[in-house]
Amino acid sequence: MTDRVEIRILGRLYVRRANGQTVDSRDWNTAKTTDLLRLLALNGASTVSATSLTEKLWPGIGEAKAMSSLPTATSHIRKVVGSPCIDRNIGGLNLNDCWVDGAAYQGLVAEVATAMRSRDFVNVVTIAREAESLYAGDFHANDDDSMWASEARDGLRTTRRALLADAGEAAASLGWWRDAISFSRLVIVDDPCFERPHRTLMSAHAALG
């Protein structure tokens, strides 16, 4: 029985084929190929327009040449992964039948937001722990200084800080002071100027004496 293709972009790029085999980094022929996969993975199963992809991956080489490079890179991804994991349609490209850690993470972020609004603090803490287990590291790309990669990385980091700050406050509301301290410290390490986790941290330490 086959499984779904697994793609992890939080931290080091990791791809597992549907048969359970891990894709070796040497299997990719170009850096652009892996960045195409990263760009699609950032959007989960949503379609990304061909123009958007070519402008980000092959800027300045001319539209015709960029458009001819896109199907080549797409074909190579399908070959390496060993499945039709990318669909092409009139709107552009999208991943097909793949599990992506970034998409799963964003889903958990949405669940935390819902739980916070309903003041379901136990669920906030539980889901935040699950989300944090997915966040193996910041997003990086081969073209790591590009605007698209920087924006994706900064957006994910901002999302993570807000989620952890919410989890710290939820834990404090439950009197789970050790958890409140743990979540708050994770935020402060990433952004020492973020005030919310500092307040939670001080409250937790005061409660513990």
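This is a predicted model, so every value here is computed, not measured.

**Quick word on the side chain of Asp-190**
Part 1: Along the polypeptide, Asp-190 turns up in helix α7 (residues 177-190).
Part 2: Not counting residues up to four positions away in its chain, the partners in contact with Asp-190 are Arg-157, Arg-160 and Arg-161.

**Considerations on the nonpolar core**
Part 1: Residues Ile-7, Val-15 and Leu-95 are the most contacted members of the largest nonpolar core, which totals 64 residues.
Part 2: Sorting elements by how many residues they give to this core places helix α6 (residues 147-174) first, with 11 residues.
Part 3: Contact partners of Ile-7, with chain neighbours within four places excluded, come to Leu-13, Tyr-14, Val-15, Leu-37, Ala-41, Leu-95, Cys-98, Trp-99, Val-100 and Asp-101.

**Some points on helix α8 (residues 195-207)**
Part 1: End to end, α8 covers 19 Å across 13 residues, agreeing with the expected 18 Å (1.5 Å per residue, within 8%).
Part 2: Among the residues of α8, Pro-197, Thr-200, Leu-201 and Ala-204 are the ones counted as buried. For α8, the buried positions fall inside an angular range of 100° around the axis, keeping them on one side. Among the exposed residues of α8, those oriented more than 90 degrees off its buried face are Glu-195, Met-202 and Ala-206.
Part 3: Gly-209 lies just past α8 and shows a positive phi near 85°.

**Some points on the state of the cysteines**
Part 1: Applying the stated criterion to the full structure yields zero disulfides.
Part 2: The thiol of Cys-85 is not disulfide-bonded; the next cysteine sulfur, from Cys-98, is found 5.1 Å away.
Part 3: With a relative accessible area of 1%, Cys-85 lands in the buried category.

**Considerations on helix α1 (residues 31-42)**
Part 1: Compared with an ideal rise of 1.5 Å per residue, which puts 12 residues at 16 Å, α1 spans 17 Å between its outermost C-alpha atoms and is within 8% of the ideal.
Part 2: Within α1, nine of the 12 residues are buried, which leaves it mostly tucked inside the rest of the structure.

**As for the sheet that holds strand β2 (residues 14-16)**
Part 1: Taken together, the three strands give an open sheet; going across it, the order is β2-β1-β5, and neighbouring strands pair in mixed fashion. Strands with a single pairing partner mark the edges of an open sheet, and in this sheet they are β2 and β5 (98-100). Recorded for the sheet is a direction-independent mean angle of 15° between the axes of neighbouring strands.
Part 2: Sheet analysis places strand β1 (residues 5-8) next to β5, joined by three bridges and oriented parallel. Bridging across to β5, Ile-7 finds its partner in Val-100.

Reading the values: rules and limits
- Residues numbered from 1 in each chain as written.
- Predicted model: local features only at pLDDT ≥ 70, side-chain atom pairs only at ≥ 80, totals over all residues.
- Heavy atoms only, no water.
- Helix = DSSP H or I, 4+ residues; strand = E, 2+ residues; numbered from the N terminus.
- Contact = heavy atoms within 4.5 Å.
- Core = buried A, V, L, I, M, F, W, Y, C linked by side-chain atoms within 4.5 Å.
- Buried < 20%, exposed > 50% of the residue type's maximum accessible area, 1.4 Å probe, protein only.
- Expected span 1.5 Å × (residues − 1).
- Arc of directions from axis to C-beta.
- Disulfide = S-S within 2.5 Å.
- Pairing = 2+ DSSP bridges.
- Axes fitted to C-alpha atoms, helices over the stretch in contact; angles between N-to-C directions.

Function cannot be read off these values alone, since they describe shape.
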